[in-house]
Amino acid sequence: MSREKSIENLQKALSMELTASHQYQLHAAVLEDWGLDLLAKRMREEMQEELGHSDLYLNRILFLKGEPQLTFDKQPVRAESLQAIFKTDMEDEKEAIEFYTKASQQASADSDIGTRQIFEQIVLDEEGHMAWLELQLDLIERMGEAAYIAKHMSSP
């Protein structure tokens, strides 16, 4: 089993998940500031799930006797609109799904079943995130932004 490529892919994934969790944290704070407390709560839930993913990657790196680096893949960015929030997150999810799928295939080729399973499990979670983000963009388009906003705040 080639541990080097698995550790390299796990490290990249760890950095991606740390970025994602902090991106969701920033979105939650911005949404709270905009008065969209219900949507902010959902973003905090996404943040926690991404932190859970980072734990899986971190623990696997340690299991493979690697040295995890807790770094961002890229800096989180403050979005200026609801649509920008959802589009930015959707692009990040697509990137993660593509990378994790390739990393899973690489782990399988290297007979690293544990790493392969982690990547596959997290791809399924990311697909769920992407579907939710696509739905939010569809709802904004169908309902209009004002109605969407009213649905995601506990009181005007």
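Residues numbered from 1 in each chain as written. Predicted model: local features only at pLDDT ≥ 70, side-chain atom pairs only at ≥ 80, totals over all residues. Heavy atoms only, no water.

> Teacher, can you tell me more about the pattern of salt bridges here?
Between side chains of opposite charge, pairing is possible as soon as their charged atoms come close. Inspection of every chain in the model, using the stated rule, returns ten salt bridges. As a salt-bridge pair, Glu-32 and Arg-44 come within 3.5 Å of each other at their nearest N and O atoms. Taken as a pair, Glu-32 in helix H1 (residues 3–33) and Arg-44 in helix H2 (residues 37–63) lie far apart in primary sequence, twelve residues in all. Accessibility expressed as a relative area gives 39% for Glu-32, which makes it partly exposed. (Salt bridge = Lys/Arg side-chain N within 4 Å of Asp/Glu carboxyl O. Helix = DSSP H or I, 4+ residues; strand = E, 2+ residues; numbered from the N terminus. Buried < 20%, exposed > 50% of the residue type's maximum accessible area, 1.4 Å probe, protein only.)

> Sorry if this is basic, but what is going on with the packing of H2 against helix H4 (residues 113–143) here?
A packed helix pair is summarised by two numbers, namely the angle formed by the two axes and the spacing between the axes. It is at 10 Å that the axes of H2 and H4 come closest, and there the two elements cross at 170°. The orientation of H2 relative to H4 falls into the category roughly antiparallel. Note on packing geometry: the crossing formed by H2 with H4 is left-handed. Residue-level contacts link Leu-39, Arg-42, Met-43, Glu-46, Glu-49, Glu-50, His-53, Leu-56, Tyr-57 and Arg-60 of H2 to Gly-114, Thr-115, Ile-118, Phe-119, Gln-121, Ile-122, Asp-125, Glu-126, His-129 and Trp-132 of H4. Class assignment for the residues of the contact of H2 with H4 results in eight nonpolar, five polar and seven charged. (Axes fitted to C-alpha atoms, helices over the stretch in contact; angles between N-to-C directions. Parallel < 35°, antiparallel > 145°, perpendicular 65-115°, else oblique. Left-handed = near helix turned anticlockwise from the far one by under 90°. Contact = heavy atoms within 4.5 Å. Nonpolar A, V, L, I, M, F, W, Y, C, P; charged D, E, K, R; others polar.)

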